[in-house]
Amino acid sequence: MNNSLDLPKKRLSKDAIKVWLISDTIGNIVGFIILGTLFYLDDRFSWKEWIGWILIGITVLLIIGFIWSLIEPFFLYKNWRYDVNEEFLQLKSGAINETHELIPMTKIQSVATEQGPILRKYGLYSVSVETMGSSHTIPALPKDVAVELRNQIAQYAKIKEVEQ
């Protein structure tokens, strides 16, 4: 077994930034609609004054969260790395709190590719890896890279693919 492992070098697709921006924007729009509805109900039914102040506080937090959601995808893309070899799947992410995970191939129980509507628009997939105690995801990979990575992990982990 190697005592020294190189840091992972493989990157996500650049379209990951767009996918994360769209996802975050949808979530923020829903939040603003709910907040707007609560402000309307507060005005319509003359709720207690402190409820209005709480709504103003929530609005400030939601605006700060919206601004962060426009910046965060660039940090995520810049710091997300992965790599795979016969012994480990390595995942590295995080700008402020950096996380470097080593997942032994012997512990991997299943591996799958996933694609939601926003990922589908950009032709991207996420690779999901399951172990006995946890789940790990490599987001936003091009289809050929995701399928190749899934097959490579399955081969290293000796997982038999079930044909459907």
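A brief report on the enclosed structure follows. All figures in this text were calculated on a predicted structure; none of them were measured in a lab. (Residues numbered from 1 in each chain as written. Predicted model: local features only at pLDDT ≥ 70, side-chain atom pairs only at ≥ 80, totals over all residues. Heavy atoms only, no water.)

1. A word on the overall build of the protein chain
Here comes step 1: Scanning the protein chain from N- to C-terminus turns up four helices and six strands.
Here comes step 2: For the protein chain, the C-alpha radius of gyration of 21 Å lies well beyond 15 Å, the compact-globule estimate for 164 residues.
Here comes step 3: Taken over the C-alpha atoms alone, the protein chain extends approximately 65 × 40 × 30 Å along its principal axes.
Here comes step 4: Counting every position in the protein chain, which comprises 164 residues, the buried fraction comes to 32%. (Helix = DSSP H or I, 4+ residues; strand = E, 2+ residues; numbered from the N terminus. Rg over C-alpha atoms; globule rule 2.2 N^0.38 Å. Buried < 20%, exposed > 50% of the residue type's maximum accessible area, 1.4 Å probe, protein only.)

2. Notes on the environment of Lys 10
Here comes step 1: Structurally, Lys 10 can be placed in the segment before α1 (15-45).
Here comes step 2: Distance in space between the C-alpha atoms of Lys 10 and Ser 128 is 16 Å, their sequence separation being 118 residues.
Here comes step 3: Those residues within four positions of Lys 10 in sequence are excluded, and the remaining contacts are Trp 80, Arg 81, Tyr 82, Asp 83 and Val 84. (Contact = heavy atoms within 4.5 Å.)

3. A short note on the pattern of salt bridges
Here comes step 1: Under the defined criterion, the tally for this structure stands at three salt bridges.
Here comes step 2: Between Lys 18 and Asp 15 there is a salt bridge, with its nearest N and O atoms 3.4 Å apart. Of the two residues, Lys 18 and Asp 15 are both situated in helix α1; the distance of three residues between them amounts to about one turn of the helix.
Here comes step 3: In this structure, the salt-bridge partner of Glu 98 is Lys 92, at a minimum N-O distance of 3.8 Å. (Salt bridge = Lys/Arg side-chain N within 4 Å of Asp/Glu carboxyl O.)

4. Topic: the sheet that holds strand β5 (residues 124-131)
The pairing of strands in a sheet comes from backbone hydrogen bonds and takes either a parallel or an antiparallel form.
Here comes step 1: Strand order across the open sheet formed by three strands is β4-β5-β6, with antiparallel pairing between neighbours. Single-partner strands in this sheet number two, and they are β4 (108-114) and β6 (135-142). Strand-to-strand twist across the sheet, computed as the mean angle between neighbouring axes with direction ignored, equals 15°.
Here comes step 2: Taken together, the six bridges between β5 and β6 define a ladder with antiparallel strand orientation. Of the residues in β6, the one forming a bridge with Tyr 125 is Leu 141.
Here comes step 3: With respect to the sheet, helix α4 (residues 143-157) is in contact with β4, β5 and β6, its orientation differing from that of β6 by roughly 145°. (Pairing = 2+ DSSP bridges. Axes fitted to C-alpha atoms, helices over the stretch in contact; angles between N-to-C directions.)

5. Focus: the nonpolar core
Here comes step 1: Ranked by size, the top nonpolar core spans 28 residues in total, and within it Leu 12, Leu 89, Ile 138 and Ile 153 carry the most contacts.
Here comes step 2: Residue assignment for this core shows that the elements contributing at least two residues are α1, β1 (81-84), β2 (88-93), β4, β5, β6 and α4.
Here comes step 3: In terms of residue count, α4 provides more of this core than any other element does, five residues in total. (Core = buried A, V, L, I, M, F, W, Y, C linked by side-chain atoms within 4.5 Å.)

6. A short note on the packing of aromatic side chains
Here comes step 1: Under the definition given, this model contains two aromatic pairs.
Here comes step 2: Centroid distance Phe 32 to Phe 66: 6.2 Å. Interplanar angle 70°. Geometry classified as edge-to-face. Separated by 34 residues along the polypeptide, Phe 32 in helix α1 and Phe 66 in helix α2 (residues 49-79) bring together distant segments of the chain.
Here comes step 3: One Lys or Arg, Arg 44, reaches over the ring of Phe 45 and ends 5.6 Å from the middle of that ring. (Phe/Tyr/Trp six-rings, centres within 6.5 Å; stacked < 30°, edge-to-face > 60°. Lys NZ or Arg CZ within 6 Å of the ring centre and 35° of its normal.)

7. Looking at the side chain of Ser 13
Here comes step 1: Here Ser 13 is to be found in the segment before α1.
Here comes step 2: A residue is classified by how much of its surface remains accessible, and Ser 13, at 12% relative accessible area, is buried.
Here comes step 3: If sequence neighbours within four positions are ignored, Ser 13 has contacts with Tyr 77, Leu 124, Ala 140 and Pro 142.

8. So, the sheet that holds strand β3 (residues 99-104)
Here comes step 1: One open sheet holds the three strands; their spatial order is β1-β2-β3, and the pairing between them is antiparallel. This sheet does not close on itself; its edge strands, each paired only once, are β1 and β3. Across the sheet, the axes of successive neighbouring strands diverge by a mean angle of 10°, strand direction being ignored.
Here comes step 2: Bridge count between β2 and β3: six bridges; the pairing is antiparallel. Residue pairing in the sheet places Gln 90 in a bridge with Leu 102 of β3.
Here comes step 3: Its contacts with the sheet put α4 on β1 and β2, and the angle it makes with β1 is roughly 45°.

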